[in-house]
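Commentary on secondary and tertiary structure
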Amino acid sequence: MRYRFFKGVEISEVGLGTWQLGNADWGRVKDSQALSILQAFSSAGGNFIDTSDVYGLGISERLIGNFLKSPGRQIFVATKLGRRLDGVFGWPQNFTYDLMKKQIESSLNNLGLSRLFLEQLHCIPIVELRAGKVFDHLRKLQDEKLIKFWGASVETTEEALICLAQEGLASLQIIFNLFRQHVADEIFSKAKEKDVALIVRVPLASGLLTGRFNEKTKFPASDHRNFNANGEAFNAGETFSGIEFSKGLALSKEIASLLPDKRMSQWAIRWILDHAEVTTVIPGATKVEQVEKNVAASDLPPLDRLTHDILRSLYDEKIKPFIRGRY
């Protein structure tokens, strides 16, 4: 495992996304399996875990909290707030100082921590980003020592640019993969200039870039790749990176033919890591074997310039015109 700097802290360049561990949008993952996944990631040298208070309404955070009780290497946990709609939480009241503090306190309780390493706005409405009060609240909560760093997970380039204009922003979490390449042109240099870490989510396009799927693949009813395949529940861009499934299958085969060998998922992650501005990439996992494959991408050599150029031409000509959803 190789490491990159996040505000002076060394974090693994391959992190772990834990949306899958919330048992809400990826089918069922048993607690024992979830803990095995976390352990496998840590044993492989991983030390950066991303979660959210809305992943199973705390299930993912609590599982991570239980894992953190075990002795071992230091783990840096990033969580997110703003999307809870339960009880007193909901839009637009989620974005007052008082309710943002309550959401942070809930995450601290779930994780068993006294201070969050990184708190992120979780793809909140752009009107709230434009108003700017949420950033003032985060600065205040940082001053109160409830969070060490704060950032934002965003859907679109416009949202990213709004956040990049904010003093104190530590990180941006974005979708960036072989099905969403243009993001690098629009925000990477600006993020580097402002020393803002880039956390890459959906690196394998919800599994399309693993090469494991075919025309007969079916997903459980509780899996967002079933109920949000065309944006029925939330932004279509979050599922398969906005590419229609059958179209994505054909494109993934074309991409696979351009990679050095059959380790498609690993090369797809390596392609992301070849961009020096990226701080960490956070693929999720429902099996230990997936963690092991994902982490192994850190040890692959960079792809050559010609391969990068060919993959970009393929994107511009055959992929970008078919992206759906907000991006």
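First, a word on scope: everything that follows refers to the structure included in this document. Just so we're clear, the structure is a prediction, and the values are computed from it rather than from any experiment.

Cut-offs applied
- Along each chain, residue indices are assigned from 1 in the same order as the chain's sequence is written.
- Whole-chain, interface and lining totals are the exception, using all residues; otherwise, since this is a predicted model, local features are given only for residues with pLDDT of at least 70 and side-chain atom pairs are given and counted only at 80 or more.
- Think of the side-chain values as coming from all heavy atoms in the structure, minus any hydrogens and water.
- Each helix corresponds to a stretch of at least 4 residues labelled H or I by DSSP, and each strand to a stretch of at least 2 residues labelled E; elements are numbered beginning at the N terminus.
- Here's how the labels work: a residue is buried when its accessible area is under 20% of the maximum for its type, exposed when over 50%, partly exposed in between, all with a 1.4 Å probe on protein chains only.
- We call two N or O atoms a polar contact when they sit within 3.5 Å, provided that within protein one can donate a hydrogen and the other can accept it, with sequence-adjacent residues counted only if both atoms are side-chain atoms.
- Throughout, a contact is declared for two residues whenever any of their heavy atoms are within 4.5 Å.
- Here a pair means two rings of Phe, Tyr or Trp (six-membered ring of Trp) with centres within 6.5 Å. Their orientation is stacked below 30 degrees between planes, edge-to-face above 60, and tilted elsewhere.
- Charge-over-ring placement is defined geometrically: NZ (Lys) or CZ (Arg) within 6 Å of the ring centre, and within 35 degrees of the ring normal.
- Read the arc as the range of directions from the helix axis to the C-beta atoms.
- Using a grid of 1 Å spacing that covers the protein atoms alone, one calls a set of points a cavity when a 1.4 Å probe fits there but cannot get out, and a pocket when the set is open and has protein on both sides within 12 Å along at least five of seven lines; lining residues are those with an atom within 4 Å of a point.
- Grid points are joined across faces, edges and corners, and a volume is the space filled by probe spheres set on the points.
- Each residue is assigned to one of three groups, with Ala, Val, Leu, Ile, Met, Phe, Trp, Tyr, Cys and Pro labelled nonpolar, Asp, Glu, Lys and Arg labelled charged, and all others, Gly among them, labelled polar.

A few points about the side chain of Arg 270
Of note, Arg 270 is situated in helix 10 (residues 264-273). Judged by its relative accessible area of 6%, Arg 270 is buried. In terms of polar contacts, Arg 270 uses its side chain to reach the side chain of Asp 274, at 2.9 Å. Filtering out sequence-adjacent residues up to four positions away, Arg 270 remains in contact with Arg 2, Arg 4, Glu 13, Ala 297, Ser 298, Leu 300, Pro 301 and Pro 302.

Some remarks on the packing of aromatic side chains
Two aromatic rings, taken as a pair, are described by how far apart their centres are and by the angle between their planes. One pass over the structure, following the stated rule, counts 16 aromatic pairs. Plain terms: the ring middles of Trp 91 and Phe 95 are 6.0 Å apart, the flat faces sit at 45° to each other, and that makes the pair tilted. You can call Trp 91 partly exposed: its relative accessible area is 39%. When the centroid spacing of 6.2 Å and the interplanar angle of 45° are considered together, the rings of Phe 213 and Phe 245 count as tilted. In this pair, Phe 213 sits in the loop between strand 9 (197-201) and helix 8 (224-227) while Phe 245 sits in helix 9 (residues 245-256), placing the two residues 32 residues apart along the sequence. For the pair Phe 213 and Phe 245, a shared accessibility class is recorded, and that class is buried. Aromatic rings pair up to connect Phe 6, Phe 76, Phe 117 and Phe 149 into one cluster. Over the face of the ring belonging to Tyr 97 we find Lys 140, whose NZ or CZ atom lies 4.1 Å from the ring centre. Positioned above the aromatic ring of Phe 322 is the side chain of Lys 247, whose terminal nitrogen or guanidinium carbon lies 4.2 Å from the ring centre.

Here's the deal with helix 5 (residues 133-143)
Those residues of helix 5 not exposed but buried are Val 134, Phe 135, His 137, Leu 138 and Leu 141. For helix 5, the arc enclosing every buried residue in end-on projection is 155°, short of the 170-degree limit, so these residues lie on one face. For helix 5, the exposed residues lying more than 90 degrees away from the buried face are Lys 133 and Asp 143. Looking at the buried positions of helix 5, the neighbouring elements they touch are helix 3 (97-111), strand 6 (116-122), helix 4 (126-131), strand 7 (147-153) and helix 6 (157-164). Following helix 5 by one or two positions, Lys 145 has its phi on the positive side, about 70°.

Let's talk about unusual backbone geometry
Following Trp 91, the chain continues into Pro 92 via a peptide bond in cis, with omega recorded as 5°. When you line up the elements, Pro 92 lands in the loop between strand 5 (76-81) and helix 3. Positive phi outside glycine occurs at Ala 205, with the angle close to 50°. Structurally, Ala 205 can be placed in the loop between strand 9 and helix 8. A relative accessible area of 0% places Ala 205 in the buried class. Backbone geometry places Phe 240, a non-glycine residue, at a positive phi of 55°.

Thoughts on empty space enclosed by the protein
Taken as a whole and assessed by the stated rule, the structure comprises two cavities of 30 Å³ or more. Along the walls of the largest cavity sit Val 154, Glu 155, Thr 156, Thr 157, Ala 160, Ile 174, Ile 175, Arg 180, Val 183, Ile 187 and Tyr 327, which together make up its complete lining. Taken together, the residues of the lining of the largest cavity sort by class into seven nonpolar, two polar and two charged. Its volume calculated, the second largest cavity comes out at about 30 Å³. Every residue lining the second largest cavity is listed: Val 14, Gly 15, Leu 16, Phe 41, Pro 283, Val 291, Asn 294 and Val 295. Here the lining of the second largest cavity takes three residues from helix 11 (residues 288-296), the largest share from any one element. Residue classes in the lining of the second largest cavity are distributed as six nonpolar, two polar and no charged.

It is worth stressing that arrangement in space is one thing and function is another; only the former is reported here.
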